[in-house]
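Residues per chain are reported as follows:
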Number of protein chains: 2
Amino acid sequence: MPDRIVTACVVIIGNEILSGRTQDTNLAHIAQRLNEWGVRVEEARVIPDVEDVIVAAVNDARARFDYVFTTGGIGPTHDDITAECIAKAFGVPLVVSDEIARRIRQRPALEDVMENRLRMARIPEGATLVDNPTGGPQGFLMENVFVMAGIPSVMQAMLSTVGGEIEGGDIVRSRSVTAYLGESQIAAALADIQGRYPNVELGSYPFYRGERYGTTLVMRGTSVTDLASMLHEVKAAIITAGEQPVSDE
Amino acid sequence: MPDRIVTACVVIIGNEILSGRTQDTNLAHIAQRLNEWGVRVEEARVIPDVEDVIVAAVNDARARFDYVFTTGGIGPTHDDITAECIAKAFGVPLVVSDEIARRIRQRPALEDVMENRLRMARIPEGATLVDNPTGGPQGFLMENVFVMAGIPSVMQAMLSTVGGEIEGGDIVRSRSVTAYLGESQIAAALADIQGRYPNVELGSYPFYRGERYGTTLVMRGTSVTDLASMLHEVKAAIITAGEQPVSDE
C-alpha cells in the first residue's frame, strides 16, 4: 500500500532572516513537530516583508502543498503586514476579531498604544484563531494556511495548539548510524542498498569533527521493518568497509 | 540617485534541513558575506534532494535574481544530485573537470573508492570552478549560479574565494538600537519616521529575554547620513515613550 503522504510548506517572513541578522530556528522546530503529526515539510521559503512577494509566495504554496505555515509579521508595527497580505492572497477583507481584541484589551495601555496593539486583532474574513498560550494575541488559520508569530517561543506555543486541526498521513520514522569513514568508501554499497529499498530514503551526511571526518547515514520511511532491515545492511556495509558503526539511534 | 541594487537567492538543497534534523546556518553566513559585497539576499528556498524540484527552483531563481547560491548535494553518494540537476537546468551535459579529478587523485584510495570520489569531478559543460581552500573537490560557477558544498566549514571556505567574481551594488549598512518597551508604545512614531525615510528600511524585532520584553529597531540603507539621522529620531522616540535606548550599534 503506498504511503499516505501529507505535505507542508513553511513560509518564513522577515527581512531580518534574509539579512543574516537573525538565525532562523523556526523551520527546524516546525519540521520536527509536523513530522510527529504525519506531515512532511517539503519546502521552505524565506521572503522579505514585501506585500507582492508575500501574496505570491502564499498563493503558490497553498496551491502546491496540503498545509502552509507562516512565521513572522503579525506584530503591531508598520513592518508587520502578514495579516493584510494573507487577506489579499485569499481575496477577502481584513476584519477585526472581537476575541483577539478582547484579549488585547485585558492588558491596560494608553489610548494611542492600545490603538497600535489593536492592529494585531485584524484577521482575514473567514479565518479562525490559533491559540497563543503565552497570553498574547492569537494567530489564525485561513483555509490551509496557519499564520503564526515569528518569535520562536511564541511560535512554538501557537504551534503546540494546532495538532487537532491537522489531518496527518503516515508518520515518517528515522534510524541513523554514524561511522568515521569517508563517504566514498561506502558510496557504492549505499547506492545498492537504496536501490533495493525504494520506500526508504537513505541520506549520507558527512561531517568534520575536530580532526576526524565521518558520515551519518540517515534512513527515513514509514515502515519500521524496512527501516530495521536497511539499518542492518548499512551497518554491515560499514563493517565491510573496514570500520565500525560508532552510534546508532 | 537611486540605489544600485544587486540581488541574490540562496537555494539550500537537502532533506536533512527540511526534516528538521539539521539546523541550517548557511543562509545567515551567506547573507552576511554577500551584504559586504553589495549583494542583497532577497529570497531563500530550502528544497529536497529531488531532481525535478531542484531543476525548477534553480531555473526560477536564476531568472529572477542577479545571483544564485546553492548549498548541498555535491558529495560522492547517490543522494548527491546537485551537479546533474544544474546541468539539466541549463540544458548542457555533465563533463569531467580534469582539474577537480587531479585534486581528487592526489589523495590515494582503493580503485572502487576512487571511482566514487570521482563523481565529485563532474560539472556542467561550460562551468568554471569555485576554489575549495579546505583542499577537497572544488565547487563550480555556471553563469550566475554558484554551486557550493553543504558542510558549513567547506561552504564558507568556498564562498570566501568568490568575491572577485561578483559585481556588487551599493552596500547596505545598518544601525540598530534596543529598548525595553513594547512595540505598541512606539509603533506610531516608527510608522511616522519610516514614512519620512523611504530609502531606509526600519524593522522592529521584539524579543523576550528572561522576564523582560523589548524590541530592537534595525535600520538598513545605503546612505550613512540618512541612517544616522533616522537613528537619532528613533532614539528620541524611545525617550518620548518614557524609556531609554539601552544599546545601539
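Everything below is about the structure shown above.
Residues numbered from 1 in each chain as written. Chains lettered and ligands numbered in written order. Predicted model: local features only at pLDDT ≥ 70, side-chain atom pairs only at ≥ 80, totals over all residues. Heavy atoms only, no water.

As a further point, take the packing of helix 3 (residues 51-64) of chain B against helix 4 (residues 82-90) of chain B. Residues and elements named next belong to chain B. Remark: helix 3 packs on helix 4, axes separated minimally by 9 Å, with the N-to-C direction vectors making an angle of 55°. When the interaxial angle is binned, helix 3 and helix 4 end up oblique. The hand of the helix 3/helix 4 crossing is right-handed. Contacts between helix 3 and helix 4 involve Glu51, Ile54, Val55, Val58, Asn59 and Arg62 from the first element and Cys85, Ile86, Lys88, Ala89 and Phe90 from the second. Taken together, the residues of the contact of helix 3 with helix 4 sort by class into 7 nonpolar, 1 polar and 3 charged. (Axes fitted to C-alpha atoms, helices over the stretch in contact; angles between N-to-C directions. Helix = DSSP H or I, 4+ residues; strand = E, 2+ residues; numbered from the N terminus. Parallel < 35°, antiparallel > 145°, perpendicular 65-115°, else oblique. Left-handed = near helix turned anticlockwise from the far one by under 90°. Contact = heavy atoms within 4.5 Å. Nonpolar A, V, L, I, M, F, W, Y, C, P; charged D, E, K, R; others polar.)

Right, let's get into the interface of chain A and chain B. In this assembly, 59 residues from chain A lie in contact with 59 residues from chain B. Buried surface at the junction of chain A and chain B, both sides included, amounts to about 4400 Å², of which 55% is carbon and sulfur. With a closest N to O distance of 2.9 Å, Arg45(B) and Glu43(A) form a salt bridge. The tally of links between chain A and chain B comes to 17 residue pairs in polar contact (both at pLDDT 80 or more). Contributing elements (two or more residues each) for the side of chain A that touches chain B: helix 1 (15-18), helix 2 (26-36), strand 2 (40-47), helix 6 (111-117), helix 7 (152-159), helix 8 (187-196), strand 10 (201-209) and strand 11 (212-221) of chain A. If you tally residues by element for the side of chain A that touches chain B, the top one is strand 10 of chain A, at 8 residues. When the residues that make up the side of chain A that touches chain B are grouped by side-chain class, the tally is 26 nonpolar, 18 polar and 15 charged. Where strand 2 of chain A meets strand 2 (residues 40-47) of chain B, 3 bridges bridge the pair, whose relative direction is antiparallel. The residue of strand 2 of chain B that forms the bridge with Ala44(A) is Val46(B). (Buried area = accessible area lost by both parts, 1.4 Å probe. Salt bridge = Lys/Arg side-chain N within 4 Å of Asp/Glu carboxyl O. Polar contact = N/O pair within 3.5 Å; in protein donor to acceptor, adjacent residues only side chain to side chain. Pairing = 2+ DSSP bridges.)

For the rest of this paragraph, the subject is the pairing of strand 1 (residues 7-13) of chain A. Residue and element names in this part refer to chain A. In terms of burial, strand 1 is a largely internal element, 7 of the 7 residues being buried. Here strand 1 shows a buried face lined by Thr7, Cys9, Val11 and Ile13 and a second buried face lined by Ala8, Val10 and Ile12. Examined bridge by bridge, strand 1 and strand 2 share 7 bridges and lie parallel to one another. Along strand 2, the bridge assignment pairs Ile12 with Val46. (Buried < 20%, exposed > 50% of the residue type's maximum accessible area, 1.4 Å probe, protein only.)

Two copies of a chain can be linked by a rotation about an axis combined with a shift along that same axis. Turning chain A through 180° and shifting it by 0.0 Å along the axis lays it on chain B, with an RMSD of 0.0 Å. Such values leave the two copies arranged in the relation of a two-fold axis. Using C-alpha coordinates, one finds that chain A approaches the rotation axis most closely at Arg45(A), a distance of 2.3 Å. Looking at chain A, 100% of its interface residues are interface residues in chain B too, so the copies touch through the same face. (Least-squares fit on C-alpha atoms with pLDDT ≥ 70 in both.)

Below, the discussion takes up unusual backbone geometry. A negative phi angle characterises most non-glycine residues, just as the trans form characterises most peptide bonds. Residues and elements named next belong to chain A. The backbone of Glu143 shows a phi angle near 50°, a positive value even though the residue is not glycine. The residue Glu143 is located in the loop between strand 7 (139-142) and strand 8 (145-148) in this model. Overall, Glu143 belongs to the exposed group, its relative accessible area being 60%.

What follows covers the pattern of salt bridges. Residue and element names in this part refer to chain A. A complete count under the given rule lists 25 salt bridges over all chains for this structure. A salt bridge links Glu43 to Arg64; the shortest N-O distance between them is 3.2 Å. One end of the pair, Glu43, is in strand 2; the other, Arg64, is in helix 3 (residues 51-64), and 21 residues separate them in sequence. With a relative accessible area of 2%, Glu43 lands in the buried category. Relative accessible area serves as the criterion here: at 43%, Arg64 is assigned to the partly exposed category.

Right, let's get into the pairing of strand 11 (residues 212-221) of chain B. All names here are of chain B. Burial of strand 11 is extensive: 8 of the 10 residues sit out of reach of the surface. Note that strand 9 (residues 173-179) and strand 11 share 7 bridges and pair antiparallel. Its bridge partner being in strand 11, Arg173 is matched across the sheet by Gly221. One ladder, built from 9 bridges, connects strand 10 (residues 201-209) with strand 11; its direction is antiparallel. Opposite Ser204, over in strand 11, you have Leu217 as the bridge partner.

A few words now on the packing of aromatic side chains. The final tally for this structure, using the stated rule, is 8 aromatic pairs over all chains. Taken together, a centroid distance of 4.8 Å and an interplanar angle of 5° make the contact between Phe69(A) and Phe146(A) stacked. Of this pair, Phe69(A) sits in strand 3 (residues 67-71) while Phe146(A) sits in strand 8; the two residues are 77 residues apart in sequence, bridging distant segments of the chain. The exposure classification of Phe69(A) matches that of Phe146(A), with both residues buried. When the centroid spacing of 6.2 Å and the interplanar angle of 50° are considered together, the rings of Tyr67(B) and Phe146(B) count as tilted. Placement of Tyr67(B) in strand 3 (residues 67-71) and of Phe146(B) in strand 8 (residues 145-148) is noted, with a sequence separation of 79 residues between them. In terms of burial, Tyr67(B) and Phe146(B) fall into one category: buried. (Phe/Tyr/Trp six-rings, centres within 6.5 Å; stacked < 30°, edge-to-face > 60°.)

Here 12 strands make up an open sheet; going across it, the order is 6(A)-7(A)-8(A)-3(A)-1(A)-2(A)-2(B)-1(B)-3(B)-8(B)-7(B)-6(B) and the pairing mixed. The sheet terminates laterally at strand 6 (128-130) of chain A together with strand 6 (128-130) of chain B, the two strands that pair on one side only. Going from strand to strand, the sheet's axes swing by 20° on average, the running direction of each strand aside. Examined bridge by bridge, strand 1 of chain A and strand 3 of chain A share 5 bridges and lie parallel to one another. Note on strand 3 of chain A: the bridge partner recorded for Ile12(A) is Thr71(A).

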